[in-house]
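Geometric and topological summary
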Amino acid sequence: MTTIRLTVAQALVRFLAAQYTERDGTRRRLIGAMWGIFGHGNVAGIGQALVEYADLMPYHQGRNEQAMVHAAVGYARQSGRLSAHAVTTSIGPGATNLVTGAALATVNHLPVLLLPGDVFAARPADPVLQQLEVPYAGDVSVNDTLRPVSRYFDRITRPEALIPAALQAMRVLTDPVDTGAVTLALPQDVQAEGYGWPERFFAERVWTVRRPGADAAELSEAVRAVRAARRPLVIAGGGVHHSRAETALAEFAGATGIPVASTQAGKGSLRYDHPQDVGGIGHTGTATADDLARAADLVIGVGTRYTDFTTASGTLFDNPAVRFLNLNIAPFDGHKLAGLPLVADARSALGELTEALGMHGHRVAGEYVAEYTRAKERWERTVDACFAAPDPAARPTQPQVLGALDALVDESDIIVNAAGSLPGDLHKLWRARSADQYHLEYGYSCMGYEIPAALGVKLAAPERNVWALVGDGTYLMLPTEIVTAVQEGVAIKLVLLQNHGYASIGGLSEAVGAERFGTAYRYLAGDGTHTGAPLPVDLAANAASLGMRVLRAGTVGELRAALGEARAADVPTCVYVETETSDTVSGAPPAQAWWDVPVAATATRPSAVKARELYERHVSTRRRHL
């Protein structure tokens with residue numbers, strides 16, 4: 001057997017450069033690049049290997065480890081999970097900074113390869129710098145915090161152990177059911193250790209991303225359920241996008257007349273102007289979709305996990321006769337809500353379901369189509385009213401900011417968001433023009449995701465305009481990758497909305513009787529609360545100090561001009577705007593469905609007492625679907 005002597009790190013880089021995915025005849029490189037921040041735990045191993053094989057593995061210099069994972073996740077999602085990035089860090093805080101990003105990747109079923117440095121395997125000195133000693137276990141390090149948030153975890157304590165671990169890592173990264181964060185912890189001495197590797201370890205490998213079809217018996221049950229339903233409703237989740245099943249869903253909806261609502265992850269599965277698209281579902285959904293959900297006798301979940309936002313914490317599906325049909329590639333999700341499982345790839349099974357129903361000439365009643373069509377038209381008028389900004393000299397509201405952007409973009413633009421009050425407004429109001437325009441991370445709803453994720457998206461789609469929409473709270477969490485965008489000339493667009501605090505949580509705090517405590521970015525008042533004047537923080541100046549071009553917009557008219565200028569820019573550009581938040585100005589429509597955030601059972605303050613009474617009324621409507 002021919003062998004090649006390399007360090008473990010060199011062997012890993014060469015191995016990763018030879019891995020490919022294939023789906024539907026399209027071949028992609030599996031690990032497209034590696035992000036890294038170097039310290040004593042990886043500089044002599046992975047760092048040296050990246051220099052050694054710079055022609056094989058592109059490298060991106062990050063500024064924060066969590067942000068690097070977010071960028072990798074953005075890249076993977078935009079790449080349809082067919083290509084991913086790796087992330088290397090040193091030991092200690094560099095490694096633990098990966099945990100939040102890893103959780104986000106795994107929650108959202110998006111592949112990312114994590115390569116944190118680890119303490120010495122041979123323990124020549126114990127402890128080493130940044131090592132956390134665990135008195136009851138000598139084989140535990142801080143990297144073990146990555147175990148519960150990884151879909152696969154291994155610690156490579158011997159060179160030869162890399163071979164099976166690397167193969168298992170690739171298996172998980174390319175598995176449409178199991179994919180998420182994959183961690184290979186690399187002790188710093190092992191990284192630099194030499195070994196004679198079998199030459200075949202570095203041969204090109206192609207990992208087929210499978211599209212399993214439906215089981216015949218499950219498909220027959222699904223057909224019977226759809227044919228028996230009088231008020232069916234599809235809920236399109238992120239699995240539609242992961243499967244690239246948007247066309248198959250449009251054909252199914254068009255053939256049957258069944259309306260399609262979407263989760264945050266599934267929005268854009270149908271264009272906003274498709275006759276069967278009825279908008280977002282659940283707590284942040286449209287009145288059209290939520291009213292249909294309350295009366296539905298069959299809910300057809302396609303690639304959805306049925307989170308509490310989607311189900312309105314178990315209160316949305318109000319019809320006593322409602323049943324669930326769950327088309328999902330993951331059996332775990334296919335059996336939720338005691339539904340009929342249709343465990344298969346979304347595109348494959350939708351095609352099979354459409355064909356089977358077409359054999360029976362099945363289509364919902366015309367009265368049902370007319371009902372949701374009228375409701376859809378009413379909601380579009382609501383959106384128009386929210387977007388309207390009749391006074392160009394006025395300060396814009398947040399919905400008016402979205403309206404100005406909506407009027408500017410076309411189907412090639414991509415919108416990235418994750419947290420704050422923007423997700424609710426976007427889910428209700430945004431008019432998605434293409435399958436991948438709406439990039440909203442709401443599985444983990446992680447503040448700080450947007451800027452690095454936009455960077456990853458732009459790397460995956462350099463020809464597209466990519467917009468990161470962030471509030472001041474999210475911006476302050478993680479603006480660091482602006483520097484990376486500037487350094488690498490990645491022309492992301494940043495829309496930075498200043499409303500002086502956590503607007504979303506402030507509203508929630510008021511609703512649950514916590515009186516917006518601790519949610520405003522303001523000076524301390526005489527009573528010890530943060531209710532004084534706004535802080536003199538200039539986030540536009542901050543973004544400019546990191547190298548970004550900044551355009552300030554104080555009015556609706558200035559906003560429109562700045563967005564147009566930013567869209568045409570070929571350098572990273574920020575549009576900074578302070579939004580109107582006074583109670584006298586209308587904002588987005590209120591929530592159309594409930595969300596369970598427990599309220600204090602005992603309290604003396606009137607706001608909390610009133611909130612508890614309302615909470616108990618909502619809780620009483622919760623159902624278990626069996």
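The structure we're discussing is the one just above.
Source: prediction; values computed, not measured.

1. Quick word on the packing of helix α10 (residues 246-256) against helix α14 (residues 346-359)
As a packed pair, α10 and α14 sit with axes 9 Å apart at the nearest point and diverge in direction by 20 degrees. Classed by the angle they form, the pair α10 and α14 counts as roughly parallel. Crossing handedness for the pair α10 and α14: left-handed. Contacts between α10 and α14 involve A248, L249, E251, F252, A255 and T256 on the former and, on the latter, R347, L350, L353, T354 and L357. Counted by class, the contact of α10 with α14 contains seven nonpolar, two polar and two charged residues.

2. Description of unusual backbone geometry
Comment: phi is negative for the bulk of residues other than glycine, and the bulk of peptide bonds are trans. Of the consecutive residues D126 and P127, the connecting peptide bond is found in the cis state with omega at 10 degrees. Looking at where P127 falls in the secondary structure, it is placed in the loop between β7 (112-118) and β8 (152-155). With phi around 55 degrees, H109 is a residue other than glycine that occupies positive phi space. Position of H109 among the secondary structure elements: in the loop between α5 (98-107) and β7. Phi is positive for Q130, which is not a glycine, with a value near 75 degrees.

3. Section: the packing of aromatic side chains
Per the stated rule, a full pass over the model turns up twelve aromatic pairs. On the numbers, 5.3 Å between centres and 80 degrees between planes, the contact of F317 with F324 is edge-to-face. You can call F317 buried: its relative accessible area is 2%. Here the basic side chain of R27 rests over the ring of Y20, its NZ or CZ set 4.2 Å away from the ring centre. K267 extends its terminal NZ or CZ atom over the ring of Y438, reaching a point 5.5 Å from the ring centre.

The rules we used
Residues numbered from 1 in each chain as written. Predicted model: local features only at pLDDT ≥ 70, side-chain atom pairs only at ≥ 80, totals over all residues. Heavy atoms only, no water. Axes fitted to C-alpha atoms, helices over the stretch in contact; angles between N-to-C directions. Helix = DSSP H or I, 4+ residues; strand = E, 2+ residues; numbered from the N terminus. Parallel < 35°, antiparallel > 145°, perpendicular 65-115°, else oblique. Left-handed = near helix turned anticlockwise from the far one by under 90°. Contact = heavy atoms within 4.5 Å. Nonpolar A, V, L, I, M, F, W, Y, C, P; charged D, E, K, R; others polar. Phe/Tyr/Trp six-rings, centres within 6.5 Å; stacked < 30°, edge-to-face > 60°. Buried < 20%, exposed > 50% of the residue type's maximum accessible area, 1.4 Å probe, protein only. Lys NZ or Arg CZ within 6 Å of the ring centre and 35° of its normal.

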